[in-house]
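Structural overview for review
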Amino acid sequence: MISSYILQKLIMIPIVLISLTFHEFAHGYVSTKLGDPTPRLTGRLTLNPMAHLDPVGTLLMILTGFGWAKPVEINARYYNDPKKGMAMTAAAGPVMNLILAFVAMLIYTIIYIIAYKTSFISIGVLSGVGSFLYLFASVNLMFMVFNIIPIPPLDGSRVAGLILPSETYFKLQRFERYSFILIIVLSLTGVFSAVIGSGVNLFMKLILNICDGLAKLVI
């Protein structure tokens, strides 16, 4: 029982490193494309995990499935439309996690089709690979759903700026100094678990339905 728990947490390490790194890289990439040189100048336009990791957030990600990385420093003054630019840059991270989750399950679908049509892949290998890819997809979806919650400094609060009046948006951002306390309280009370669990189930079901449809077209 203990060895199984330790093994799962060890498997989580590369999954978390990939998930967090691509999430933060996406923020930096989009901000750079919008004209902001800050991510490149601060060394964040990279896929090197060490440039993005926050010790506490990474540990929580490994232990609980949701956490955070070191925020990419950006400068919205370089954007033609700062409010829109902030929203696009913020949305890039969760969208990247959604793409990673979909790609993981698509890879499993391709492997499953190969196993179904040939004898190159054993049931044991298929099961092991499937378990890893499903966990990879689930972690990315958990990270995505966690980050789209509209609480500063999470990405969802920046995206909300597109639909909120400017006065309301800036009031929300000023709340950021207290948000860490709120995040801890919501985590301890199980609110986050319920919200994130529901979101993950919804997106996973959608991804699996798409992959199942693609598999049926081939098989």
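Moving on, we come to the pattern of salt bridges. A side chain of one charge can pair with a side chain of the opposite charge when the charged atoms of the two come close. Summed over the entire model, instances satisfying the criterion amount to one salt bridge. The partner of Asp-212 in a salt bridge is Lys-216, with the nearest N and O atoms 3.2 Å apart. With Asp-212 and Lys-216 both in helix α9 (residues 191-218), this residue pair falls four residues apart, about one helical turn. What makes Asp-212 partly exposed here is its relative accessible area of 38%.

Note on placement: Ser-19 falls in helix α1 (residues 2-33). Those residues within four positions of Ser-19 in sequence are excluded, and the remaining contacts are Asn-97, Leu-100, Val-139, Asn-140 and Phe-143.

What follows concerns the layout of surface pockets. Of the pockets and cavities examined, the largest pocket occupies roughly 700 Å³. Around the largest pocket sit 27 residues that line it, and Pro-71, Pro-153, Leu-154, Asp-155 and Arg-158 are the ones nearest its centre. It is helix α4 (residues 82-117) that provides the largest number of residues to the lining of the largest pocket, a total of five residues.

As a further point, take the packing of α4 against helix α5 (residues 123-147). Two elements in contact, α4 and α5, have axes whose closest approach is 8 Å; the angle formed by their N-to-C orientations is 165 degrees. Taken together, the axes of α4 and α5 lie roughly antiparallel to each other. Like other packed secondary-structure pairs, α4 and α5 cross with a definite hand, here left-handed. Each of Pro-94, Asn-97, Leu-98, Leu-100, Ala-101, Ala-104, Met-105, Ile-107, Tyr-108, Ile-111, Tyr-112 and Ala-115 in α4 lies in contact with α5, whose residues at this interface are Leu-126, Val-129, Gly-130, Leu-133, Tyr-134, Phe-136, Ala-137, Asn-140, Leu-141, Phe-143, Met-144 and Asn-147.

Reading guide: rules and limits
- Residues numbered from 1 in each chain as written.
- Predicted model: local features only at pLDDT ≥ 70, side-chain atom pairs only at ≥ 80, totals over all residues.
- Heavy atoms only, no water.
- Salt bridge = Lys/Arg side-chain N within 4 Å of Asp/Glu carboxyl O.
- Helix = DSSP H or I, 4+ residues; strand = E, 2+ residues; numbered from the N terminus.
- Buried < 20%, exposed > 50% of the residue type's maximum accessible area, 1.4 Å probe, protein only.
- Contact = heavy atoms within 4.5 Å.
- 1 Å grid on protein atoms, 1.4 Å probe; cavity = no way out; pocket = protein on both sides within 12 Å on 5 of 7 lines; lining within 4 Å.
- Points joined across faces, edges and corners; volume = space filled by probe spheres on them.
- Axes fitted to C-alpha atoms, helices over the stretch in contact; angles between N-to-C directions.
- Parallel < 35°, antiparallel > 145°, perpendicular 65-115°, else oblique.
- Left-handed = near helix turned anticlockwise from the far one by under 90°.

The quantities given are spatial measurements derived from coordinates; they are silent on function.
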